[in-house]
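These are the residues of each chain, in order.
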Amino acid sequence: MKLCHRLFQSSVGAKMLMAITGLMLTGFVLVHMSGNLILYAGPEKFNAYAHGIKSLGALLWLMRGGLLATFVLHVYLAIKLTIENKAARPVPYAYEATIQATAASRFMIHTGLMMLVFVIYHLAHYTFKIVSPEISALAPGDAYAMVVTGFSSPAVSGFYILAMAALSAHLRHGVSSLFQSLGLYHGNLNPITEKLGPIVASIVFFGFSSIPLAVLMGAIK
Amino acid sequence: MDITLHVWRQKNAKSQGKMEVIEGKNISEDSSFLEMLDTVNETLQESGVEPIAFDHDCREGICGMCSLVINGEPHGPEYGTTTCQLHMRSFKNGQHIFIEPWRAKAFPILRDLIVDRGAFDRIQQAGGFVSVNVGSPQDANCIPVPKQDADKAFDAAVCIGCGACVAACKNASPMLFVAAKVSQLSLLPQGKPEREKRVLAMVDQMKAEGFGNCTNQYECEAACPKEISVEHIARMNREYFRAAALEESPKEGHGGE
Ligand code: HEM
Ligand code: SF4
Ligand code: FES
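What counts, and at which threshold
- Residues numbered from 1 in each chain as written.
- Chains lettered and ligands numbered in written order.
- Predicted model: local features only at pLDDT ≥ 70, side-chain atom pairs only at ≥ 80, totals over all residues.
- Heavy atoms only, no water.
- Donors = N, O, S within 2.8 Å, 3.2 Å for Na, K, Ca; no water.
- Tetrahedral: all angles 85-135°; square planar, octahedral: opposite > 155°, others 65-115°.
- Helix = DSSP H or I, 4+ residues; strand = E, 2+ residues; numbered from the N terminus.
- Buried < 20%, exposed > 50% of the residue type's maximum accessible area, 1.4 Å probe, protein only.
- Near = heavy atom within 4 Å.
- Polar contact = N/O pair within 3.5 Å; in protein donor to acceptor, adjacent residues only side chain to side chain.
- Nonpolar A, V, L, I, M, F, W, Y, C, P; charged D, E, K, R; others polar.
- Contact = heavy atoms within 4.5 Å.
- Buried area = accessible area lost by both parts, 1.4 Å probe.
- Salt bridge = Lys/Arg side-chain N within 4 Å of Asp/Glu carboxyl O.
- Pairing = 2+ DSSP bridges.
- Phe/Tyr/Trp six-rings, centres within 6.5 Å; stacked < 30°, edge-to-face > 60°.

Here we take up the coordination of the iron atom of ligand 1. Residues and elements named next belong to chain A. With distances of 2.0 to 2.1 Å, the protein atoms coordinating the iron atom of ligand 1 are His-74 (NE2) and His-170 (NE2). Each of the six donor atoms bound to the iron atom of ligand 1 contributes to angles spanning 87 to 179°, and the resulting shape is octahedral. Pair noted here: His-74 is in helix α4 (residues 58-87) and His-170 is in helix α9 (residues 154-181), with a separation of 96 residues, a long-range link. Residue classification places His-74 among the buried positions, given a relative accessible area of 13%.

Around ligand 1 sit 25 residues, and of these A:Lys15, A:His74, A:His170, A:Ser177 and A:Ser181 come closest. The local environment of ligand 1 is shared, drawing residues from chains A and B. Take A:His74: an N or O atom from its side chain is 2.8 Å from a nitrogen atom of ligand 1. Measuring from an oxygen atom of ligand 1, one finds a side-chain N or O atom of A:His173 at 3.1 Å. Counting only elements with at least two residues in the shell around ligand 1, the list comes to α2 (11-37), α4, α6 (108-127) and α9 of chain A.

Residues and elements named next belong to chain B. Every one of the 13 residues lining ligand 2 counts as a neighbour, but Cys-159, Cys-162, Gly-163, Cys-165 and Cys-224 are closest to it. For the shell around ligand 2, the secondary-structure elements that each account for two or more residues are α4 (164-168) and α5 (175-187). Along the lines of polarity and charge, the residues of the shell around ligand 2 split into 11 nonpolar, two polar and no charged.

Before going further, it helps to examine the interface of chain A and chain B. Taken together, the contact pairs 39 residues of chain A with 51 residues of chain B. When the two sides are added together, the surface that chain A and chain B hide from each other amounts to roughly 3900 Å², 53% of it contributed by carbon and sulfur. For the chain A face of the interface with chain B, the top three residues by lost area are A:Arg6, A:Tyr93 and A:Ile99, together amounting to 17%. For the pair chain A and chain B, the number of links is five salt bridges. B:Asp204 is paired through a salt bridge with A:Arg6; the nearest N and O atoms lie 3.3 Å apart. The interface formed by chain A and chain B includes 34 residue pairs in polar contact (both at pLDDT 80 or more). Every element with two or more residues in the side of chain A that touches chain B is listed here: α1 (2-9), α2, α4, α5 (103-106) and α9 of chain A. Residues of the side of chain A that touches chain B, tallied by class, amount to 18 nonpolar, 13 polar and eight charged.

Here we come to the pairing of strand β5 (residues 96-100) of chain B. All names here are of chain B. A large share of β5 lies buried, amounting to four of its five residues. Alignment of strand β1 (residues 3-9) against β5, held across four bridges, turns out to be parallel. Looking at the pairing, His-6 lines up with Phe-98 of β5. For strand β3 (residues 69-70) and β5, the ladder comprises two bridges, and the chain directions are antiparallel. Looking across to β5, one finds that Val-69 is bridged to Glu-100.

Before going further, it helps to spend a moment on the packing of aromatic side chains. Residues and elements named next belong to chain A. Throughout the structure, instances matching the rule amount to 17 aromatic pairs over all chains. When the ring of Tyr-121 is compared with that of Phe-159, the centres are 5.1 Å apart and the planes differ by 85°; the resulting orientation is edge-to-face. In this pair, Tyr-121 is assigned in helix α6 and Phe-159 in helix α9, connecting sequence segments 38 residues apart. Judged by its relative accessible area of 24%, Tyr-121 falls in the partly exposed class. Its relative accessible area of 31% is what places Phe-159 among the partly exposed residues. Geometrically, the ring pair formed by Tyr-121 and Tyr-160 is edge-to-face, given 6.2 Å between the ring centres and 65° between the ring planes. Taken together, the residues span a long stretch of sequence, with Tyr-121 in helix α6 and Tyr-160 in helix α9 at a distance of 39 residues.

With that settled, consider the pattern of salt bridges. Tallied over the entire structure, the rule returns 18 salt bridges over all chains. Residues A:Glu84 and B:Lys207 are paired through a salt bridge, measuring 3.2 Å at the closest nitrogen-oxygen approach. Of this pair, A:Glu84 sits in helix α4 while B:Lys207 sits in helix α6 (residues 195-208), placing the two residues on different chains. The partner of B:Lys147 in a salt bridge is B:Asp151, with the nearest N and O atoms 2.8 Å apart. Placement of the pair is B:Lys147 and B:Asp151 together in helix α3 (residues 147-157), with a separation of four residues, close to one helical turn. Here the salt bridges do not stand alone but share partners, grouping A:Lys2, A:Arg6, B:Asp204 and B:Glu247 into one network.

Right under this line is the structure:
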């Protein structure tokens, strides 16, 4: 398969895979956020939603597998490309200047690695329930109580909000950038794609962060 | 005007270089950046110091030889301007000016501010050409080129191969240069027969030379003295996917569209 080799080994191909996996992860993030916002509809609705996901059975495992593969590929390529990029300039400039690149674009690997740490913590916290004894003590079906218990700790909530800031910065550059990687740069399209990154970034930040904030402020009990 | 230069000095390709401070006295505001260096070099020579080695040729912004990173910006602070077309009035009296060579693994330093840009030649040789059979010349107008395509190809063709895109890129990626060449040739009918082979070979060579990968930060576009648009990078990406897909079915791959 020459095509496979081209996708993984060439600079342009690898960027296309980054863009596709990035787009899929962004899709997941938006769906996940929408699901979380059901929390505001109360415990019954939210627990029913959580139960709905659990009862997907084989389909759920298929989706989890796909998501994991996408994530692993994204992280693998990110690290590979970043190592190559660092190696391409072994001696840095004595006078380092940036003409117009955004901060978000310059810290993609850092915000990305923060996401990696966060995802591992997040899974341990709410999926495997091995971080906090209070959560492991809860009744298995009560996702609502789990969220409220988890976020009543200011330290935990603070960490989640910080992680969402990192994700938001990642998406600010990433969502606009992926169009260029796929070759979709065009005078008529650019005004939209340029704004899409910052818009998605804001939606994701406020959508996710509102939940730990609401729990901390006692709006969700 | 008086200025303080911080210049990268390096004896040869093998030796260790370092930044050195050199004073520039009585520089005319109307002199170009390279003329300023000439003045400084004369003073250095008079006092028995080896003059600063830097690349230059046409001094009129068309050859792409001049290649200095000035205060962190390739070709200096003026937009759409080569180093040779930059004037000292863009700087202030008493200013400290840092002058460094293009920094990239694929552009090894030969001496002081001069780098070897042979990597660009090898990328160009990998596919940046059209093959023409010898014989009596054709009438130039017998190959119709749509005006729109001709304009776009010309926008790409103004690339002078200076390498500022690499120097500006945080990843030392030459995507803007390679894209300009791929774009220029693939847009024109003369470039169609080698359309697929060209983009695949040039992108491969770019990697083999040890350049980095694009992260769509567009520092290249901001530094390019010829204002080449990153739109050409998108076109090259499309060309690459198309060629890679056609490569799977070789019969369709030949002869272009
Ligand atoms: C929820 C998880 C994540 C999402 C939604 C996401 C999304 C994206 C998107 C949309 C892009 C743009 C692709 C392009 O420019 O073509 C991208 C690029 C990138 N991501 Fe992620 N990503 C995630 C996790 C990660 C992780 C864990 C890492 C780090 C190890 C990472 C590192 C990178 C890097 C280095 C880039 C390339 C940056 C560039 O080309 O400017 N990402 N990501
Ligand atoms: S694209 Fe611009 S910066 Fe890059 S080599 Fe061509 S003229 Fe120089
Ligand atoms: S010396 Fe020829 S472009 Fe500057």
